[in-house]
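The lines below spell out each chain.
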Amino acid sequence: MAAASADTAADLLLRRGADGSFSLYSRSFGEGFHSAAGALREANEKFVRPAALERFAPGRELVVAEVAVGTGTNTAALIAACRAARLGFDWWGLEQDPRPLALALADGGFRAQWPAGVIPRLEALGAGGRLLLGDARQRLPDLLGPLEGSCDLVLLDAFSPSRCPQLWSREFLERLVRLLRNDGRLLTYCSAAALRRCLLDLGMAVQAIRPDPAEAGQWSAGTAAGPAPLAPHPALRPLEPFEHEHLASRAGVPYRDPSGTATAAEILERRRREQGLGRSGRHR
Ligand SMILES: C[S@@+](CC[C@H](N)C(=O)[O-])C[C@H]1O[C@@H](n2cnc3c(N)ncnc32)[C@H](O)[C@@H]1O
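Position numbers for residues count from 1 along each chain, tracking the sequence in the order it is written. With pLDDT at 70 or above as the cut-off, local features in this predicted model cover only qualifying residues; side-chain atom pairs require 80 or more to be listed or tallied, and sums for whole chains, interfaces and linings still use all residues. With hydrogens and water excluded, all non-hydrogen atoms of the structure serve as input to the side-chain values.

Caption draft 1: How the structure looks around the confidence of the model for the protein chain. When the pLDDT values of the protein chain are averaged, the result is 94; 94% of them are 70 or greater. Considering only residues more than four positions removed or in separate chains, one finds that residues 1-8, a stretch of pLDDT under 50, has 14 contacts. Every residue gets a pLDDT, meaning the predictor's confidence in that residue, from 0 to 100. The contact criterion used throughout is that any non-hydrogen atoms of two residues lie within 4.5 Å.

As structure tokens, this is what we get:
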């Protein structure tokens, strides 16, 4: 993995969350990589805990596909959890920019965040041909070949739908869920109605990820979905009636990208039209 410095990545600014963990802010997307609570806390709350690794017997090899690998925080958190649970880890990642991972690996604070053995594994994954670089929309078919129907976990951690609608479109999600085993689950920090409605339309069982009790006032920390009903788990809860109502509203209109090549502006504009909103976003 090539070294990256703050100079070579001028649009990526170093951030540390409230938990002190390493994170970045992207000037080009106008958004942080993680919530203010911190990358490490978010990884555990929104990805590791709802993955419910206790479902798997020690020795089992977990098959994981990760969209928007970024700094590798979710990957490292999952490596650490799998090591603790004595699970194997067969991982593939999609990411268009190698710099966030290189910046993280060059940061002493990031390296110190993890138990022994995690950083060498993360470095090996980053360099070992399992990190597919490029637009995830174009690289996803390369994963579907070897992995269709075989992933235990699919992690989706793209920038928010309004900043990066390319990775939340119905067409992208339709392909992404094809990676899942019948008892596999897709996990994301996103609770948007457009995402949840799409997943339900694709035949997925959908649950909300419960927020960390310390995150006062939050109603949902994300979404978990799978082809088969998700077993009850303290990190998950069924959608509330008000959430179902929200899905049926204009907020539930999906992002569309049939060609897989549309720009963010094109996808957002098309959705505004399909929501019956004008260019200004005002109701017609
Ligand atoms: C919110 S950050 C990911 C955070 C990451 N999971 C972490 O723990 O650092 C979103 C990532 O999506 C990547 N990205 C944006 N558009 C993409 C695209 N079309 N294809 C692949 N990756 C993309 C960005 O480069 C960025 O690293």
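Structure's up, so let's keep going.
Caption draft 2: Quick look at the site of the ligand. In this text, near means that some heavy atom of the residue lies within 4 Å of the molecule or strand in question. Residues in close proximity to the ligand total 19 residues, the closest being His34, Thr71, Glu95, Ala136 and Asp157. Here a polar contact means two N or O atoms within 3.5 Å. Within protein one must be a hydrogen donor candidate and the other an acceptor candidate, and residues neighboring in sequence count only if both atoms are side-chain atoms. Side-chain polar atom of His34 to an oxygen atom of the ligand: 2.8 Å apart, as the coordinates give it. Between the ligand and the protein, one listed contact pairs a nitrogen atom with a backbone N or O atom of Ala68 at 2.9 Å.

Caption draft 3: Inspection of the sheet that holds strand β2 (residues 22-26) at higher detail. Paired strands are those between which DSSP finds at least two bridges. Helix numbers and strand numbers start at the N terminus; a helix is a DSSP run of H or I with at least 4 residues, a strand a run of E with at least 2. A sheet is described by the order of its strands in space; here three strands give the open sequence β1-β2-β3, paired in antiparallel fashion. In this open sheet, the two edge strands, each paired with only one partner strand, are β1 (12-16) and β3 (31-32). Across five bridges, the pairing between β1 and β2 is antiparallel. Its bridge partner lying in β2, Arg15 is registered against Ser23.

Caption draft 4: Geometry of the nonpolar core. We define a nonpolar core as any set of buried Ala, Val, Leu, Ile, Met, Phe, Trp, Tyr and Cys residues linked to one another through side-chain atoms lying within 4.5 Å. Buried means the residue's accessible area, taken with a 1.4 Å probe over protein chains only, is under 20% of the maximum for its type, while exposed means over 50%, and partly exposed covers the values in between. Core analysis: the biggest nonpolar cluster contains 85 residues, and Leu53, Leu143, Leu153, Leu176 and Leu179 have the highest contact counts within it. Considering every element that reaches this core, the biggest residue donor is helix α2 (residues 73-84), with seven residues.

Caption draft 5: Quick look at helix α10 (residues 264-274). Within α10, burial applies to Ile267, Glu269 and Arg271. On its buried side, α10 packs onto α6 (136-147) and α8 (193-201). Phi turns positive one or two residues past the end of α10, at Gly276, with a value near 80 degrees.

Caption draft 6: Spotlight on the pattern of salt bridges. Between Lys or Arg on one side and Asp or Glu on the other, a salt bridge is scored when a side-chain nitrogen of the former is within 4 Å of a carboxyl oxygen of the latter. Summed over the entire model, instances satisfying the criterion amount to 21 salt bridges. Where Asp11 meets Arg99, a salt bridge forms, and the shortest distance between an N and an O atom there is 3.2 Å. Within this pair, whereas Asp11 is found in the segment before β1, its partner Arg99 is found in helix α3 (residues 99-105), the two being separated by 88 residues in sequence. You can call Asp11 partly exposed: its relative accessible area is 21%. Of the charged contacts in the structure, one is a salt bridge between Glu31 and Arg163, with a shortest N-O distance of 3.7 Å. Of this pair, Glu31 sits in strand β3 while Arg163 sits in the loop between β7 (151-156) and α7 (170-177); the two residues are 132 residues apart in sequence, bridging distant segments of the chain. Within the structure, one salt-bridge network assembled from shared partners comprises Arg60, Asp152, Arg181 and Asp183.

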